[in-house]
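Structural characterization, general
Now for the letters of each chain:
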Amino acid sequence: MARLADYFVVVGYDLDNRVEGEGQGRILQRFPEKDWEDSPFPQGVELFCQPSGWQLVPERQPASFFVAVLTDINSERHYCACFTFWEGLDNPQLKKTDAGDADEADEEPAVVQPAKVFAPKSLVVVSRLDYTEAFRNCLGLIYTVHVDGLPTPLETVIGNLLTCVIPIAGGSQRTITLGAGDRQVIQTPINDALPVSGSSVAQLFRQLGIVNVLYLFCAALTEHKILFLSSSYQRLTDACRGLLAIMFPLKYSFTYVPILPGKLLEVLSTPTPFIIGVNSFFRSETQELLDVIIADLDGGTVTIPECVHISLLPEPLLQQTQTALSMVLDPELEFADQAFPPQSLQPSALKIQDKEIRAVFLWLFARLFQGYRWCLHIIRIHPEPVIRFHKAAFLGQRSLTEDDFLMKVLDGMAFAGFVSERGPPYRATDLFDDLVANQVERIRQEEACPHKVMNHVKELAEILFKNENPYPAVAMHKVQRPSEKSQNTSQSQTPFPVLDDVSVQLFIDHAIAKLKTAPPVVKAEMKSMVPSGPPLGDIIDRNGNVMANSARRLEVVRNCITYIFDNKMLEAKKLMPAVLRALKGRTARVCLTQELNQHVLQNRAVLDDQQFDYIVRMMNCTLQDCSHMDEHGTAAALLPLVTAFCRKLGAGITQFAYSCVQEHTVWTNMQFWEAMFYSDVQNHIRALYMEADDGEQQNNSLDQQDWCATEREVSALELAAEQNRLWPTLSKEMQTERVQKEESTVFSQAIHYANRMSYLLLPLDTSKNRLLRSAGLGDVESVSNSYVTNSIAGSMAESYDTESGFEDAESSDVANSVVRFINRFVDKVCNESGVTNEHLKALHAMIPDIVQMHIETLDAVHRESKRLPPIQKPKLLRPTLLPGEELVMDGMRVHLIPDGREEATGHMGGPPLLPAEGAIFLTTYRLIFKGTPSDALVGEQIVTRSFPVASLTKEKRISVTLPMDQFVQEGLQLRSCTFQLMKIAFDEEVASDLAESFRKHLHKLRFPQHVQGTFAFTVGQSGKLVLEPKTKDKNQSLRTLSKNLVKNAKRTISRQYVTRKKESPPSWENRSSFQSELDEDEISVSEEVDQTTMTLSSTIRSSDRQTMSNVVERACCRDYQRLGLGTLSNSLTRSKNEPFRISTANRMYTVCRSYPGLLIIPQNIPDSTIHRICRCYRQNRFPVVCWRHSRTKAVLLRSAGLHAKGVVSFFKSPNTTTAVPSQADSTSLEQEKYLQAIINSMPSYSESTGRNTLSGFTSTHMNTSGKWGSIRGSSRLSAYNPDIGTRLAGKESPQPNGGPNDPLFLRQQKAYLYIIGDKAQLKGGKQDSFQQWEVIPIEVCDVRQVKNSFKKLMKACVPSSANTDPNTSFLRLLEDSEWMALLHRVLQVSGLVVELLDTGSSVMVSLEDGWDVTTQVVSLVQLLSDPYYRTFDGFRLLVEKEWLSFGHRFSHRGAQTLGSQSSGFTPVFLQFLDCVHQIHLQFPMEFEFSQYYLKFLAYHYMSNRFRTFLLDSDYDRIELGVLYEEKSDRRNPQVCKSVWDYIDRLNKKAPIFFNYMFSPEDEEVLRPYTFISNLKVWDFYLEETLSEGPPFDWELKSRQERLAEETAEKADTAAPKSQRRVVWPCYDNVSKELPDAITKLLQDLQNLEAELGQTSEKWKDTWDKIKTTQRTETKLESKLSFSSSLLMSSNLSHQRRSQGVCLQESGVGSSIKLGLDCKASATSTPVAGRQSTSTLYSQFQSTESENRSFEGILYKRGALLKPWKPRWFVLDKTKHQLRYYDSRQDKECKGVIDLAEVESVTVGTPTMGAPKNVEEKAFFDLKTAKRMYNFCAQESSNAQLWMDSIQSCLSDA
């Protein structure tokens, strides 16, 4: 029974006390005045009566009523029902003014104050029961008695109200009356555990809608802050009540204030969660709350701030809940589209609907928490049950470990309350318990069918409704309301009287006395055992969510374990990889623990070393996929096993498995240990009572078997329920005994666990702090899943940690952190499970000793384990080294881990080559991994992965877990710009300091102090990294040259005789004719003789002459002479008619350090001008000619961009004449003059007078064959600004391939010189209409762009880890890298330049510093325009000239030294090679070299093996003395210093660089397509050969092959080998294993020659012969010339010239002709018949031994008067002919005798001139229709053989 009302309060407006102009309320009277003991009077009632503040108003307001909720310090809720009415009073403001002491602050000028105002007064009932309607009626009655002046005294009514007592629950009806002729019925709920909601839930859904309420519901459960807004106070209370009702069975335990007074608004910024309601009046003040979810009840909106993330219900629950709710709230929705909807479809009445909604949420919780009781651990039964929830197991069994919502709910306070309230196994049960225990099956079956769900919901709703309204409503209410008159009259009301407290108190005292004498009401509590429902495992299994593991896999696991324990190690080893793969599945892990358990006897299983090793590997693999929560209980199942399996190491020393499985996060997770501890305690306590019961059972004469049958089923909770039931019946002694027994059980378990934890937390080598460092054990805070909010736990832990003396200095950090961790664990679990303080202190004293003892044991184990013979690991394989390459660090055992490339892992089919086990070797040149795959099935293969040290771009540490082995300490990920990635994990035998020293050595080798530290320089020296020794230099002249260079440079720079004549620049009229030979205009040169104009012989001392002749030999010079750009005779006489000359101005590198010594400049520009011009350009790189078009004589120039200051002056209109031209003006004039000189040199300029137009030669030059890529590129990366595009393009409709449609696409008015400049630089320069040059501004790619693009390209081509995200697929990453876009841009610009040059305009490429993009463009232009550069010699010359001599900064861009390390690797040259590769793909017949040649250069450009691509300019090379020594070293012929020499050498030996399709057309200009869609990813970036490493170091190959042959010879005695050969793409070198047809034939030919012991011919000669014979024969046949060549099939698809390939069946064979000339293939028809067949055969006759039936040397007598000659005869049965050759080697047939024409073969006689000393019988004759042939063999037997053979041929025919 409980009081209906605890207090009655009258609160009024406080007239005397106003704070800061705001009114206050005060309590006028309260009854009873003394607090009840069981419920103290809540503070602050006066604030809640007027939440918006106490104010006086000019008009009377209607009376109002609402219920506020206050929570006291014991978290009890008090319901304050406030009834407020308004009483008139005289305006206090007016009184003040009259009195004359007006308060200025209050004085509002010009506001007329009313004489009468109204003040609020509230009647408040404070109660612990929530009966809103009853309170409304009672307070209304009191007000009516007062207003209408009813005869009943108010004291009586209030006294009756305060003494009214009603039952809390039980479903009874209680009629009450307050003695004023009233009567009302109060209905109590049947079960007060279920909330009473009236219709508040339904109202909430109506106001906010389904989705919004679900958001609020999830937010409340996951502990977010929720704020309701409404202008109605009662609605706020109802909404909050509704939200709490749907959270049942969870109870909200945070701040709950349905109505918050305005004065307390700062509560909203509290950090804790809350549910609060506030009047909309204060809306503006809630705007700045950043983390509060605001629900506006009046507007129906829910606002969620950006920073708040609400975890929603897991699917499919969310969807099903929404469906069910919409069926309740809007049943018509389902039938809205039906033609004949059912008639009656109204939603239920509000009260019923309310219960239906709550039923849906009950159903939802039953599904969320199903099976929760199976995850409860009962750790004490007496005196009170203590229960813990095993969160990890619950989530694991539900497969919801990743689910955010459930995780948060289970971690929340509400669930903690749920466990402590519903955990106990013996208590009263309610609807929810029944639902979870008995209805789970039904819910699961129906969940997919909404209508069945609705039926269930309706049943539940009925129970809920019954609970609130057990009886039909009785109309017995009779409560007076105030009369209309009294409500409306405003004047006559008297104020609410002061009540007589004595008379009210009398009522209360009487009631108390009466209660004391009344007999106590005993309500029988119906306690029972709480049913647990079906276990979780079954539920999930039937759902099929469990990870499927086929029986076969489990079989494999079982077999492997059996083999291990039967000591069949080889069998076990074979199964091991399969087992480790199977252990990824959950059931296999369970199976493993069960199997291992069977091999444990008396808690111990002693194994030998190998068994131990295998078992540990399996355990590690099992734990590896375990999360730190251990939701599937794998770690829990293994915990007893790791302390059982062991091996003997020595006398009395045993190593247990736990010392090898420590590196898993699960062991450092406090929650795991707690759950483990609790489950063990539960088992022990269960055993404790089972024994006790067993004992009693023996005494009783029960049927023993029945008992056993039931005993097996009894769970710990059921047992506990039984014990709880019996508890009251036990005697005191029995009770204490049981409590003690339980307590000591827990205590002994705590000791056991302290030991166990020290086993798994202390590493084997305690000096290494590995585990603790990685897991941060010292700082692990226990975020536990045990909910004891016990402050003792924390305080005790602190006090022990500080006071106990075990933290002494000598014990290691490891020990301390482990001790701290165990202490924290012990404190927590012992406090929760009620261990006595004495025991706890004893434990704390014990722990440091346990840890210390364990450390000592471990030390011994560690020592012994070091002495173990190492596990048989694969033998380390030595790599083959290049000549001159030396090991820096010998092999360290490592594992090569698979990266993101899947080919080698076996996922894409093929063998799993990785992971592999082997060693890493660091040499002076490379980093090499060599080993064998870990998978035993591919174990005999050798895996090699290597890259040059110089190409290392990134190295980072990684930690690696290997599935196969014990845990590997650390690893490295090494990325190389040769598109290689090595992920290695150091084996445990590699000490960490060794690994560290490996890193240091690697760094030292990668970034030497100076270029001379690179491999190209140190090769052949001793392996120590030495800088150059200070010995006398062998090449003295080079030294002197470099010294002189530097001296001269200084001298020349300091002394420059430049004088200027004062004169105005020439006027424009005569500028066009240009002063004859620049003679009058002597701005340039002073009369004094400058050193720079002297002849070579006079300036250079004799010691340097040889050097100068070397300069002349350089690539540039050879090319200039080829192009006719000038010669360099010793006297330097100039031929005046040559437009250009070779200038030696830069021979001492004083003009520009990064240019070559000899430069091509216009004939009439003196050298001194150059010194001035070069200052305008960056890095002094002024324009020089580098190539001339052979037909149009247009020239290609290159330079750097202009200096910023020179740009504008360069392009602006001519200066106005000034008396003294400034320095800048004269320079710009000189520049103009320089450019004009270039234009003058062009024949097209000198031929024409005035301006030339294009009309003259569009027809001839524009119709050249070939197309070219569009200038208008893709919109995103367009290389030109639009006006240039339109100027260059005549029409807008481009052709499909992007080429311009109209031959007249170049603008009509052609400039003589186009300057390609950087868009960014050319701002401000106006184009002058008179100038004869035009500037084309383009956007160039910055080197930074290239660098970043290349990084992304590497990551795309060689990803570091396997990729699952579709957004990061290879093609997406390739696109993001923009590498193809950059290629497109470079090719596009080059195409533009080619076209301009071809149409007769000169072009000057003037971009950036002139050594990156400029070099790329200029080189590509020459390659596209001039066929010479597409040969071996030409390409070499091109690279030497444009890249090496013109100073591309190879060392700087390649980050080759320590100094350039920060700038990073920028592969400008690689980008150029990629462009060449793209052109090669489109024109495979135009290049003499193959794709492999390009890859070879690309690889060695980055490898630093040769000196070719080192250093930044010729100047640097001369200074180091390496420029002219590239003719390779005589002393060590093995070591090639130049990549070109090396290529030449190889090319002579084998056709690896040769392109068989090479058949160039004369003077062909190539115009490649440049769209990105036409470009292909270079396979250089993607391919890899794991069998031998990169295929670019040929010495290695030959050495490897020799070794392979030797081993093969040894192994010949073994079993016969299969001829079948499997080629794996990522493993074998495909071009070597499956060579193309021609290479194969050439190889066979060489092999045959070798077998016959003949000197083999060079392959090139053989090839040339074949081509010539083919040409001549083709000519004979079709009388049409073909430039025919044998085509390799690989690139046919890219062929750009049309090919006619005609196949025609004929009687004898097929005729194949490759017509490579369009006209020919169109007109000629293949000639059928034997003749063409024989031609085909003749191509291959020399190499095909199958066609030779019989062959040998015969003497043949010539025709008339000719002598006898020995010839090589071949009898060919296939072709039915006898052929003869000059010699065995001869490829060309000298004659053919057709056997069809032979009539007879007879023995002959010697004739005149026959060979001497030959017996007679050696002669024979062959008669044909035309003539008689006389032959002579070496001996008679031989002759007989020949005759027989020929005879048999004839008879066959």
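Quantities reported herein were computed from a predicted structural model and do not represent experimental measurements. (Residues numbered from 1 in each chain as written. Predicted model: local features only at pLDDT ≥ 70, side-chain atom pairs only at ≥ 80, totals over all residues. Heavy atoms only, no water.)

1. Points about the sheet that holds strand β26 (residues 952–958)
Strand order across the open sheet formed by seven strands is β25-β24-β23-β22-β28-β27-β26, with antiparallel pairing between neighbours. Edge strands, defined here as strands with exactly one partner in the open sheet, are β25 (943–948) and β26. The average angle at which neighbouring strand axes cross in this sheet is 30°, direction not considered. When β26 meets strand β27 (residues 971–976), the two strands line up antiparallel, connected through six bridges. Bridged to Lys-954 within β27 is Arg-975. Against the sheet, helix α32 (residues 992–1006) makes contact with β22 (887–897), β23 (916–923), β24 (926–933), β26, β27 and β28 (980–986), and its axis sits at roughly 115° relative to β22, the strand it touches most. (Pairing = 2+ DSSP bridges. Helix = DSSP H or I, 4+ residues; strand = E, 2+ residues; numbered from the N terminus. Axes fitted to C-alpha atoms, helices over the stretch in contact; angles between N-to-C directions. Contact = heavy atoms within 4.5 Å.)

2. A look at the sheet that holds strand β19 (residues 605–607)
What the three strands build is an open sheet, ordered β19-β20-β21; its pairing is mixed. Strands at the two margins of the open sheet, each flanked by one partner only, are β19 and β21 (653–656). Neighbour-to-neighbour, the strand axes of the sheet open up by a mean angle of 45°, direction not taken into account. Two strands pair when backbone bridges link them, and β19 and strand β20 (residues 645–650) are joined in this way by three bridges, in the parallel orientation. Residue Leu-607 lies in a different strand from β20, and its bridge partner there is Arg-647. Here helix α22 (residues 609–624) sits on the sheet in contact with β19, β20 and β21, set at roughly 140° to β20. In the packing of helix α31 (residues 837–867) onto the sheet, the strands contacted are β20 and β21, and the crossing angle to β21 comes to about 90°.

3. Observations concerning the pairing of strand β32 (residues 1195–1199)
Summarising burial for β32: five of the five residues are buried, a large majority. By the bridge criterion, four bridges tie strand β31 (residues 1184–1188) to β32 in an arrangement that is antiparallel. Within β32, the residue paired with Val-1185 across the bridge is Leu-1197. Between β31 and β32, which pair antiparallel and follow one another directly, the connecting turn spans six residues, one of which, Lys-1193, has a positive phi of 60°. Note that β32 and strand β35 (residues 1402–1406) share four bridges and pair parallel. Looking across to β35, one finds that Arg-1198 is bridged to Val-1405. (Buried < 20%, exposed > 50% of the residue type's maximum accessible area, 1.4 Å probe, protein only.)

4. A word on helix α12 (residues 413–422)
For α12, the complete set of buried residues consists of Ala-414, Phe-415, Ala-416, Phe-418, Val-419 and Arg-422. In this structure, the buried residues of α12 make contact with β15 (376–380), β16 (386–389), α11 (404–411), β17 (426–427) and α13 (431–438).

5. Examining the nonpolar core
Membership of the largest hydrophobic core comes to 257 residues, with the highest contact counts inside it found for Phe-8, Phe-217, Phe-228, Phe-369 and Phe-645. Among residues more than four places away in sequence, those in contact with Phe-8 are Gln-29, Arg-30, Phe-31, Leu-123, Val-124, Val-125, Leu-139, Ile-142, Ile-158, Leu-161, Leu-162 and Leu-499. Grouped together as the second largest cluster of nonpolar side chains are 140 residues, Leu-1202, Ala-1311, Ile-1315 and Val-1413 included. (Core = buried A, V, L, I, M, F, W, Y, C linked by side-chain atoms within 4.5 Å.)

6. So, the packing of helix α5 (residues 200–208) against helix α7 (residues 233–246)
Close contact between α5 and α7 brings their axes to 8 Å; oriented N to C, the two are set at 105°. In this view, α5 runs roughly perpendicular relative to α7, as classed from their interaxial angle. Between α5 and α7, the residues in contact are Ser-200, Val-201, Leu-204 and Gln-207 and Arg-235, Asp-238, Ala-239, Arg-241, Gly-242, Leu-243, Ala-245 and Ile-246, respectively. Here the contact of α5 with α7 is composed, by residue class, of six nonpolar, three polar and three charged. (Parallel < 35°, antiparallel > 145°, perpendicular 65-115°, else oblique. Nonpolar A, V, L, I, M, F, W, Y, C, P; charged D, E, K, R; others polar.)

7. Some words on the confidence of the model for the chain
Detailed reading of predicted coordinates is not advised where the pLDDT is low. Model confidence for the chain is summarised by a mean pLDDT of 76, while 75% of its residues fall at 70 or above. Of the regions scoring below 50 in pLDDT, residues 697–712 engages in eight contacts with residues more than four places distant in sequence or in other chains. (pLDDT = per-residue confidence, 0-100.)

8. Section: the packing of α5 against helix α9 (residues 350–368)
The contact between α5 and α9 brings their axes to 7 Å, and the two run at 85°. Comparing their axes, α9 and α5 come out roughly perpendicular. Where α5 abuts α9, its residues Ser-200, Val-201, Ala-202, Gln-203, Phe-205 and Arg-206 lie against Leu-350, Gln-353, Asp-354, Ile-357, Arg-358 and Phe-361.

9. A look at the packing of aromatic side chains
The full count for this structure, using the stated rule, is 87 aromatic pairs. Taken together, a centroid distance of 4.9 Å and an interplanar angle of 70° make the contact between Phe-389 and Phe-415 edge-to-face. With Phe-389 in strand β16 and Phe-415 in helix α12, this pair connects stretches of sequence that are 26 residues apart. Pairing Tyr-1149 with Tyr-1515 gives two aromatic rings, centres 5.8 Å apart and planes at 65°, and the pair type is edge-to-face. Of the two residues, Tyr-1149 sits in the loop between β29 (1140–1143) and β30 (1159–1162) while Tyr-1515 sits in helix α53 (residues 1514–1519), which places them 366 residues apart along the sequence. Judged by relative accessible area, Tyr-1149 falls into the buried class, the value being 4%. A relative accessible area of 3% places Tyr-1515 in the buried class. Positioned above the aromatic ring of Tyr-1429, the side-chain terminus of Arg-1122 is 5.1 Å from the ring centre. (Phe/Tyr/Trp six-rings, centres within 6.5 Å; stacked < 30°, edge-to-face > 60°. Lys NZ or Arg CZ within 6 Å of the ring centre and 35° of its normal.)

10. With respect to unusual backbone geometry
That bond from Glu-315 to Pro-316 is cis: its omega, 0°, falls within 30 degrees of zero. Locating Pro-316 in the fold gives a position in the loop between β14 (301–303) and α8 (317–329). We note that Lys-1193 has phi near 60°; this positive angle belongs to a residue other than glycine. Checked against the element boundaries, Lys-1193 lands in the loop between β31 and β32. Lys-1193 gets classed as partly exposed once you look at its relative accessible area, which sits at 32%.

11. Points about the side chain of Asn-137
Relative to the assigned elements, Asn-137 resides in helix α3 (residues 132–148). A polar side-chain atom of Asn-137 sits 3.1 Å from a polar atom in the side chain of Gln-184. Residues contacting Asn-137, with those up to four places away along its chain left out, are Gln-184 and Val-479. (Polar contact = N/O pair within 3.5 Å; in protein donor to acceptor, adjacent residues only side chain to side chain.)

12. Brief notes about the environment of Asp-501
Mapped onto the elements of the fold, Asp-501 is located in helix α17 (residues 501–517). For Asp-501, a relative accessible area of 31% gives the class partly exposed. In this structure, the C-alpha to C-alpha distance between Asp-501 and Pro-32, residues 469 residues apart in sequence, is 8.2 Å. For Asp-501, the residues in contact, after removing those within four places along its chain, are Phe-31 and Glu-33.

13. Overview of the pairing of β29
Neither face of β29 is open: one carries Phe-1140 and Ile-1142, the other Arg-1141 and Ser-1143, and all of them are buried. Strand direction decides the pairing type here: β29 and β30, joined by four bridges, are antiparallel. Within the sheet, the bridge partner assigned to Ile-1142 lies in β30 and is Ile-1160.

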